[in-house]
Amino acid sequence: MTGLESREPLDLLVKGGTLLTMNGKAEIVENPAIGIREDRIAFVRTGTKELPAAREHLDASGCAILPGLVNTHTHAAMVCFRGLADDLPLMEWLERHIWPAEAKYVNRETVYAGTSLAVAEMLLSGTTTFCDSYFYSSSVARAAVDAGMRAVVAQGFIDFPTPDSPDPSRQIEIAETFVGAWRDRSPLVTPSLFCHTPYTCSTRTLTTIKETARRIGVPFQTHLSESREEVDIIRGRFGKSPVEYLDSIGVLDEKTIAVHCNWMEESELDRLAALGVKVSHNPESNLKLASGMAPVPKMLRRGIAVGLGTDGCASNNDLDLFGEIATAAKIHKLMEMDPTAMDASTVLRMATIEGARVLGLEEEIGSVEPGKQADLILLDLDKPHFTPLYNLCSHLVYAARGSDVTTSVIAGKIVMKGRRLLTIDLPAAMEEVRRIGARILADRAGNS
């Protein structure tokens, strides 16, 4: 008898409701019993007869149970800049507002505070894993661990001095130090490396960081073809499309996560598929910045793994992945002029098991199956917008809201119950970010 099948008491037993496993067979289990021992799912059964004793119980009656959502791209600490510079083109937004604000206000304390509030927002809306890239990445990782949140955390690189790296020549040292500090520090954190974009990072930076990521065995990330202007810059510099350029310098492979990918030629999509590159799709940020829209149906037809991301709160302005799910399902029907495109089950998989695949974590998270990490969420179905209930998967995509999530479990630990966060002092987190925002607002008023 394995440890998972042990007769020892369970740590947590979840009973009742309807389970969407998101496993390979897309099984839906009515009135399930989910046994959790330590951080793993011990079993998934139907019914409640002859169940082992458990130290803690969750009654999921009247609820949908599904794997915790996977947010494949965030800049969590940017909640501090939420609404700071809305309704602007991407380049103006970055160069005249965001980068100057980051240079002045970003430090270890603001990153920890902003990330803590972002994690609270994500937990309250069903996300249990997020993939982040920002400055002071150890502060991001600490905030995630303190909240019991699972995270892929990337140290970022760009070719000008940043708040946490005033000397860009120390790239390898910075990368190795960050990964070394977090590789085995917490099972909740997976370290990664991130180059901002192919137009803000030199060929040398891109190849150096990718070679370092490859050598030490961590994922590599970059924004790619987010705007038409970016594509024009790369073509002007190198005479190649962005994908052709990155492939020519050897940075594209199965451990590369390309974010956005809005302006893709057919040949570029073929190349991404052949190389096994994963894609993070961020529809609401792309819509708000009018930067373009990734051709996701074409990617999926080629077998490219695509997950959903919110991007940062400065360009979205929220971290509710259920909003991204609904937007992704609808916008691509319009883009394709086909109401059957991006059906509900496809999009829900993008937010769960496919998001896990993008992050290289599909063996651990993304579905509710024995042996996997016990990351799951409960949604209250006793709501007007779920009534009547004909197709649960469809309702979760087209009707659900983040506020429907009542309970979140990560690595077998209940981190939210009855919409009350158990690992974060939410009023304190909000007040700290309010203080940061007040300082920014006062400085801007003084400079106007």
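### Quick look at the overall build of the chain
- For the chain, the count of helices and strands is 15 helices and 19 strands.
- Each principal axis of the C-alpha atoms in the chain carries an extent, and together these give about 65 × 45 × 45 Å.
- Expressed as a percentage of contacts within the chain between residues at least 6 apart in sequence, the contacts between residues at least 24 apart total 73%.
- Accessible area for the chain stands at about 17,600 Å²; split by element, carbon and sulfur atoms hold 51% of it.
- Between the averaged position of the 47 positive side-chain charges in the chain and that of its 59 negative side-chain charges there is a distance of 2 Å.

### Quick look at helix H8 (residues 266–275)
- Among all positions of H8, only Glu268, Leu269 and Leu272 are buried. Angular distribution of buried residues about the axis of H8 spans 100°; they occupy a single face of the element.
- Check the buried side of H8 and you find it contacts helix H7 (242–248), strand E14 (278–281) and helix H10 (296–301).
- Positive phi appears at Gly276, one or two residues downstream of H8, with a value of about 75°.

### Re the pattern of salt bridges
- This model, assessed by the stated rule, comprises 25 salt bridges.
- Two residues, Arg301 and Glu336, come together in a salt bridge whose shortest N-O distance is 3.6 Å. With Arg301 in helix H10 and Glu336 in helix H11 (residues 321–336), this pair connects stretches of sequence that are 35 residues apart.
- Taking relative accessible area as the criterion, Arg301 reaches 59% and is therefore assigned exposed.
- Of the residues examined, Glu336 reaches a relative accessible area of 30% and is grouped as partly exposed.
- Salt-bridge contacts for Glu354 lead to Arg349; the nearest nitrogen and oxygen are separated by 3.3 Å.
- Owing to a relative accessible area of 16%, Glu354 belongs among the buried residues under this scheme.
- Here the salt bridges do not stand alone but share partners, grouping Glu266, Asp270, Lys298 and Arg302 into one network.

### Examining empty space enclosed by the protein
- The final tally for this structure, using the stated rule, is three cavities of 30 Å³ or more.
- Reported here for the largest cavity is a volume of approximately 380 Å³.
- Forming the walls of the largest cavity are 28 residues, and the residues nearest its centre are His75, Trp99, Glu102, His196 and His223.
- Elements represented by at least two residues in the lining of the largest cavity include exactly helix H1 (90–105), strand E9 (127–134) and strand E10 (150–157).
- A per-element tally of the lining of the largest cavity places H1 first, with six residues.
- Here the residues of the lining of the largest cavity are counted per class, giving 14 nonpolar, ten polar and four charged.
- There is about 60 Å³ of room inside the second largest cavity.
- When its residues are assigned to classes, the lining of the second largest cavity shows four nonpolar, four polar and no charged.

What counts, and where the lines are drawn
Residues numbered from 1 in each chain as written. Predicted model: local features only at pLDDT ≥ 70, side-chain atom pairs only at ≥ 80, totals over all residues. Heavy atoms only, no water. Helix = DSSP H or I, 4+ residues; strand = E, 2+ residues; numbered from the N terminus. Contact = heavy atoms within 4.5 Å. Areas by Shrake-Rupley, 256 points an atom, 1.4 Å probe, with all protein chains shown as cover. Lys, Arg positive; Asp, Glu negative; His and termini not counted. Charge placed at Lys NZ, Arg CZ, Asp CG, Glu CD. Buried < 20%, exposed > 50% of the residue type's maximum accessible area, 1.4 Å probe, protein only. Arc of directions from axis to C-beta. Salt bridge = Lys/Arg side-chain N within 4 Å of Asp/Glu carboxyl O. 1 Å grid on protein atoms, 1.4 Å probe; cavity = no way out; pocket = protein on both sides within 12 Å on 5 of 7 lines; lining within 4 Å. Points joined across faces, edges and corners; volume = space filled by probe spheres on them. Nonpolar A, V, L, I, M, F, W, Y, C, P; charged D, E, K, R; others polar.

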